[in-house]
Structure formats: structure tokens, C-alpha cells
Amino acid sequence: MKKSRLNKNYDRTGWLFTIPSILIIISFVFYPMIKALITSLESGMGNNLKFVGIANYTRLFTDDIFKKAVTNTLIYLVVQVPIMILLALFISVMLNDKNLKLKGFFRTAIFLPCVTSLVAYSVIFKSLFSNDGLMNNLLINIHLITTPIEWITSPFWAKITIIIAITWRWTGYNMIFYLAGLQNIDPSIYEAARIDGATGVKQFFHITVPLLKPIILFTTVMSTTGTLQLFDEVMNITKGGPGNASTTISQYIYNLSFKYSPNFGYAAAVSFTIVIMIAVLSLIQFKVAGDEK
């Protein structure tokens, strides 16, 4: 009886601690999601919302701007995420070398970009990659180009500029995860591999990568999620231009809500395409990685 009463007291105490968190999650996560889903089935704004069913979703298939935004977002995803993951992995392996001097300085320097203000660094990148900016002047001075590259106003180079910007900012973030994983690998494994004659390249592909597989999967899923929600860089560097050539899904949602004639229902429908894409791509990544959990 005493144990039963004690267990009940523990249960009550546990619920007292968890109920506030549950209420906050319901209020600020689940309720907005359900409300957004309901809104996606409506059209108009304010008190003039009308139920239109799946009309907003069927409209997606005939919306050229939406198709362009999806294409641009997927280009950023397919090009930038692999580059960033490989670069972060390579840098982390270099910075994990016991013989490297000033490791603390290099780690801090590479990690710093991801703690800078999104707006501030985007404005700086816009200045650096302008027609008369530092990047063009540097390339001209070392005779790699003869005329300035239109980094911001060219459809092709605008995407390249965005890819460079987000790679610069987020590589250090992923590097920290890989460094933490590398420092948990037993050095004796590498010593045994060296004794068996394994080169540095073989050690990397047959020891480092397999042992970091869970972390690589985690960073890949997180990077995919972040790229599909890409907004700040595009908004502040290219404003989605020229002619929607660099716009993303998130920026299109913003435009539908605040720039064009407000249509919160259709904007909500577009936002749920990001949810679906994240869910599908994350599932694919887990399957490819062989995670059966």
C-alpha cells in the first residue's frame, strides 16, 4: 500500500512538471499547425475567409511562380547541402589532427559565421558581390575575368551567390558536430589501421565515415530542413530576382502574405508543401542511410 501511494505521488508530481510544457507545446506548436491547415482550405483574408476545400492545393499545379520557387529551392538543396556536408567533414578531420597548431583559433574562426546576424551578413554579401564590389575587383586584379560578373542581377550567378553565402554561414555549424564525433572515436582504431598499412584516404572512408554515419545523417536532415525553409539570404541579397530567378518557397509565402494582394489561405497551402517535402526527403534519407529505427 505504501509503495502504491508513493507511486501515485510520484505520478502526480511528474504531471505537475510536465503539464505546463504540454500546454505550451499545444498552444504554440499544434494549435498554429491545425489553424494553418484549416486556413489552407480557405480563401481571402480577415473576416472574409471562405471555405474553398482543396482549391488552393489544386492551384499549385498551375502556378508558374510556385513551380519556379520549388525548382530554385531544390537546386539550392541538391547543390549546396552535399558541398557543405563534405566541406564540414573535411575541415573537421583536418582540425582534429593532434599535430595542428592554433586549433582553437581555426575552430572559432570557422564557427563564427553561424552566430552572425542573418540580415547583417546578407547585406555584407550583397555589397561584396555587387558589380563594383570586392569580389569582382579581386577577380579582375588577378586576371581571372576581364568584365565584372553580374552576381546579383544574373539568373545563374544569383543562385551561385546564394549558395556561396549559405555555405559560408552553415559549414562551421556542421563542423562542430563532426568534431565532437571524431573526438569520441578511439584513437587505437586508427593506430591499428596504420599498422595494417591503411592510408589516410582508406582510414577516412572505412573508419571515419562509417563511425560518423549517425551524425552525418543528422546534419544532412537538419541541412535539408533548413534549406527548404531558406528565406533571409534570398530576401536580403537578391530579393528573389531577377524575375523570380532566385526566389524560394519561403519567400513566395512571404510575398503571398504581405507583398501581393494578401491571400493567407493560398500562402498556408504553399507552406504545407514545405512540410510534405521535409517529411518525404527525411524519410528517404533515413532509408538510404539504412536506419531502421
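If you're wondering where the values come from, they're calculated on a predicted model, not measured in any experiment.

Draft legend 1. Focus on the packing of aromatic side chains. Under the counting rule described, the total for this entry stands at 14 aromatic pairs. Centre to centre, the rings of Tyr173 and Phe177 are 5.2 Å apart; their planes meet at 75°, and the pair counts as edge-to-face. Of the two residues, Tyr173 and Phe177 both sit in helix α7 (residues 155-182), four residues apart, roughly one turn of that helix. Taking relative accessible area as the criterion, Phe177 reaches 26% and is therefore assigned partly exposed.

Draft legend 2. Quick peek at the environment of Val81. Within the secondary structure, Val81 is located in helix α3 (residues 64-95). Val81 sits 76 residues away from Trp157 along the chain, and the two C-alpha atoms are 18 Å apart.

Draft legend 3. A look at the environment of Phe105. Along the chain, Phe105 turns up in helix α4 (residues 103-111). Since its relative accessible area comes to 54%, Phe105 is described here as exposed. In this structure the C-alpha to C-alpha distance between Phe105 and Ile163, which are 58 residues apart in sequence, comes to 25 Å.

Draft legend 4. Structural context of the nonpolar core. Formed by 32 residues in total, the largest nonpolar core has its most connected members in Phe66, Ile249, Tyr252, Tyr266 and Val270. Secondary structure elements with two or more residues in this core: α3, α7, α8 (187-195), α10 (213-228), α12 (249-259) and α13 (264-289). When near neighbours in sequence (up to four residues on either side) are disregarded, Phe66 contacts Leu60, Tyr252, Tyr266, Val270 and Thr273. Counting residues in hydrophobic clusters, the runner-up holds 16 residues, among them Phe125, Ile149, Ile166 and Val234.

Draft legend 5. Local environment of unusual backbone geometry. In this structure, Pro242 follows Gly241 across a cis peptide bond, with omega equal to -5°. Within the fold, Pro242 resides in the loop between α11 (232-237) and α12. You will see that His143, though not glycine, has its phi angle at about 65°, which is positive. Topologically, His143 is positioned in the loop between α6 (134-141) and α7. In the Ramachandran plot, Asn244 falls in the positive-phi region, its phi being about 65° despite a non-glycine side chain. Positionally, Asn244 belongs in the loop between α11 and α12. Residue classification places Asn244 among the partly exposed residues on the basis of a relative accessible area of 25%.

Draft legend 6. Up close: α10. In this model, α10 (16 residues) spans 22 Å end to end at C-alpha, consistent with the 22 Å of a helix rising 1.5 Å per residue. Taken as a whole, α10 has its buried residues at Ile216, Leu217, Thr219, Thr220, Val221, Ser223, Thr224, Thr225, Thr227 and Leu228. Here the buried face of α10 lies against α3, α7, α9 (200-211), α12 and α13.

Draft legend 7. Layout of the packing of α8 against α9. Between α8 and α9, the least distance of the axes is 11 Å, while the angle of their chain directions is 160°. Considered as vectors, α8 and α9 are oriented roughly antiparallel to each other. Once α8 is placed against α9, the crossing between them reads as right-handed. Across the interface between the two elements, Ile189, Tyr190, Ala193 and Arg194 of α8 pack against Gln203, Ile207, Thr208 and Leu211 of α9. Grouping the amino acids of the contact of α8 with α9 by side-chain chemistry returns five nonpolar, two polar and one charged.

Draft legend 8. Inspection of α12 at higher detail. Within α12, eight of the eleven residues are buried, which leaves it mostly tucked inside the rest of the structure. The set of residues buried in α12 consists of Ile249, Ser250, Gln251, Tyr252, Ile253, Asn255, Leu256 and Ser257. Buried positions along α12 lie against α3, α10, α11 and α13.

Draft legend 9. The arrangement of the side chain of Ser257 in detail. Tracing the backbone through its elements, the reader meets Ser257 in helix α12. Residue classification places Ser257 among the buried positions, given a relative accessible area of 9%. Within polar-contact distance, the side chain of Ser257 engages the backbone oxygen of Ile253 at 3.0 Å. Leave out the neighbours within four places in its chain, and Ser257 touches Pro262, Phe264 and Ala267.

Cut-off values and rules
- Residues numbered from 1 in each chain as written.
- Predicted model: local features only at pLDDT ≥ 70, side-chain atom pairs only at ≥ 80, totals over all residues.
- Heavy atoms only, no water.
- Phe/Tyr/Trp six-rings, centres within 6.5 Å; stacked < 30°, edge-to-face > 60°.
- Helix = DSSP H or I, 4+ residues; strand = E, 2+ residues; numbered from the N terminus.
- Buried < 20%, exposed > 50% of the residue type's maximum accessible area, 1.4 Å probe, protein only.
- Core = buried A, V, L, I, M, F, W, Y, C linked by side-chain atoms within 4.5 Å.
- Contact = heavy atoms within 4.5 Å.
- Expected span 1.5 Å × (residues − 1).
- Axes fitted to C-alpha atoms, helices over the stretch in contact; angles between N-to-C directions.
- Parallel < 35°, antiparallel > 145°, perpendicular 65-115°, else oblique.
- Left-handed = near helix turned anticlockwise from the far one by under 90°.
- Nonpolar A, V, L, I, M, F, W, Y, C, P; charged D, E, K, R; others polar.
- Polar contact = N/O pair within 3.5 Å; in protein donor to acceptor, adjacent residues only side chain to side chain.

Distances and angles like these do not, on their own, reveal function.
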